[in-house]
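# Fold and contact review
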Amino acid sequence: MFFSHVNFNELEANNPLVLKQTRAFVKGVDDFDVDKTYLYVIPGLEGQHERFGLLCERLKVPAVVLQPGLGHAQESIQGQARRFTEMLLKKMKLKDNFYLAAYESGVLVALEMLSILENKGYKGTLFCIGVPPEEVKGTIDEHLEGLYADEVHDAIIEAVSNTIVADKLELKEDLEACNSLEEKLEVATRKILNRKGVTIQYAKDLLKSAIGRVEEVRAYEPKPHRYNSKIILLTSESVNTESIHKYSKQNVHVYHLDTPLAHLTRDLRCSAVINQHLGPDILAEYEKRNILESYYTNTLKLVFKKRAE
């Protein structure tokens, strides 16, 4: 399954905008400024920001992860895209030449966002990390092949529960004995609480939101459209990428990395590729920041050296 990170800070998990540390933004030092250009990251089925820590650390642009939160369990791909886009336009003063990065099923949301933004006259760059849109559903279905609806629920509940407790819970027989999804959630929640200090509601919301996102992705049918925006795909070596070229009027850049799909966000080459495709204005701002930091660092060293003498 596609769940390996859980945020135990309940308030942060429901924060729609999580600012990440990058080479261009240091928490506690730099001020959050909506007038700056940011890379907006759309997570996959996990829906949380933790997976992107290493990826963001090497970026030469400030980055914000857009979290869907836990109160939108049955929200469609299109609905999530509309909500994210409205948030960026109202709260973040989104500019033309924007930057989006999407992981796994987040690619579907990002493409819907492109559609909305381009209809409003915007154009930008989208970094897709994972597989082409048509392959997202198939990748998930491979893991759920041959399962009935209630068995799919069991598989998701087990995967998320094991991630929460960072261990394997013995849930299979208990879940099979349940007569409804609500009963399955109650059983899993009780077992989670015996092993992990989270609230009942938070544990249940994590399970419900995971089930909802998987169901929405499996129900979604991508509609290829040639966008004006630039698209870059970062994927594994074995992935067929022909279909991605149907999604942009520009030349689509494809990078095949010798890394499993589940670990792409931890491959530092992803950060390097993103930096490579940033605009000259962003890179100039980064270089200016580096020069200033070097000046201040060297000045402080000189002051302390003279004091020591």
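You'll find the structure just up there.
Below is a summary of the structure that appears in this document.

Analysis parameters
- Residues numbered from 1 in each chain as written.
- Predicted model: local features only at pLDDT ≥ 70, side-chain atom pairs only at ≥ 80, totals over all residues.
- Heavy atoms only, no water.
- Phe/Tyr/Trp six-rings, centres within 6.5 Å; stacked < 30°, edge-to-face > 60°.
- Helix = DSSP H or I, 4+ residues; strand = E, 2+ residues; numbered from the N terminus.
- Buried < 20%, exposed > 50% of the residue type's maximum accessible area, 1.4 Å probe, protein only.
- Lys NZ or Arg CZ within 6 Å of the ring centre and 35° of its normal.
- Pairing = 2+ DSSP bridges.
- Axes fitted to C-alpha atoms, helices over the stretch in contact; angles between N-to-C directions.
- Contact = heavy atoms within 4.5 Å.
- Expected span 1.5 Å × (residues − 1).
- Polar contact = N/O pair within 3.5 Å; in protein donor to acceptor, adjacent residues only side chain to side chain.
- Disulfide = S-S within 2.5 Å.

As a further point, take the packing of aromatic side chains. Under the criterion given, the structure shown has three aromatic pairs. Ring centres 6.3 Å apart and planes at 40° place the aromatic pair Tyr38 and Tyr40 in the tilted group. Between Phe52 and Tyr103, the aromatic rings sit 6.2 Å apart at their centres with planes inclined by 80°, giving edge-to-face as the arrangement. Here Tyr103 lies in strand 4 (residues 98-103) and Phe52 lies in the loop between strand 2 (39-42) and helix 2 (53-57), a separation of 51 residues in the sequence. In this structure, Phe52 and Tyr103 share a single accessibility class: buried. Three or more aromatic residues link up through ring pairs in this structure, and these residues are Phe32, Tyr38 and Tyr40. Lys196 extends its terminal NZ or CZ atom over the ring of Phe8, reaching a point 4.7 Å from the ring centre.

Take the sheet that holds strand 6 (residues 230-236) next. Working definition: the strands of a sheet are paired by backbone hydrogen bonds and lie parallel or antiparallel to each other. Taken together, the seven strands give an open sheet; going across it, the order is 1-3-2-4-5-6-7, and neighbouring strands pair in mixed fashion. Looking along the sheet, the strands with just one partner apiece sit at the ends: strand 1 (17-20) and strand 7 (253-257). Along the sheet, successive strands turn relative to each other by an average axial angle of 20°, direction set aside. Note that strand 1 and strand 3 (residues 63-66) share four bridges and pair antiparallel. The residue of strand 3 that forms the bridge with Leu19 is Val64. Packing of helix 3 (residues 77-91) onto the sheet brings it into contact with strand 1, strand 2, strand 3 and strand 4, and relative to strand 3 it is tilted by some 140°. Against the sheet, helix 4 (residues 106-119) engages strand 2, strand 3, strand 4, strand 5 (124-129) and strand 6, with an angle of about 155° to strand 4.

Taking 1.5 Å as the rise per residue, helix 4 with 14 residues should run 20 Å; its terminal C-alpha atoms sit 20 Å apart, in good agreement. Counting buried positions along helix 4 gives 11 out of 14 residues, so the element sits mostly inside the fold. Those residues of helix 4 not exposed but buried are Gly106, Val107, Leu108, Val109, Ala110, Leu111, Glu112, Met113, Leu114, Leu117 and Glu118. Once helix 4 finishes, Gly121 follows within two positions and takes phi at roughly 95°, a positive value.

This next bit is on the side chain of Ser161. Checked against the element boundaries, Ser161 lands in helix 6 (residues 149-165). Its relative accessible area of 0% is what places Ser161 among the buried residues. From its side chain, Ser161 meets the backbone oxygen of Ile157 in a polar contact 2.6 Å long. Beyond its immediate sequence surroundings of up to four residues, Ser161 is in contact with Leu169, Leu171, Ala188, Ile192 and Leu207.

Another aspect to go through is the state of the cysteines. As used here, a disulfide is simply a covalent bond connecting the sulfur atoms of two cysteines. Scanning the entire structure with this criterion turns up zero disulfides. Unpaired in this structure, Cys270 has its nearest cysteine sulfur neighbour in Cys56, at a distance of 11 Å. The buried category is assigned to Cys270, whose relative accessible area is 0%.

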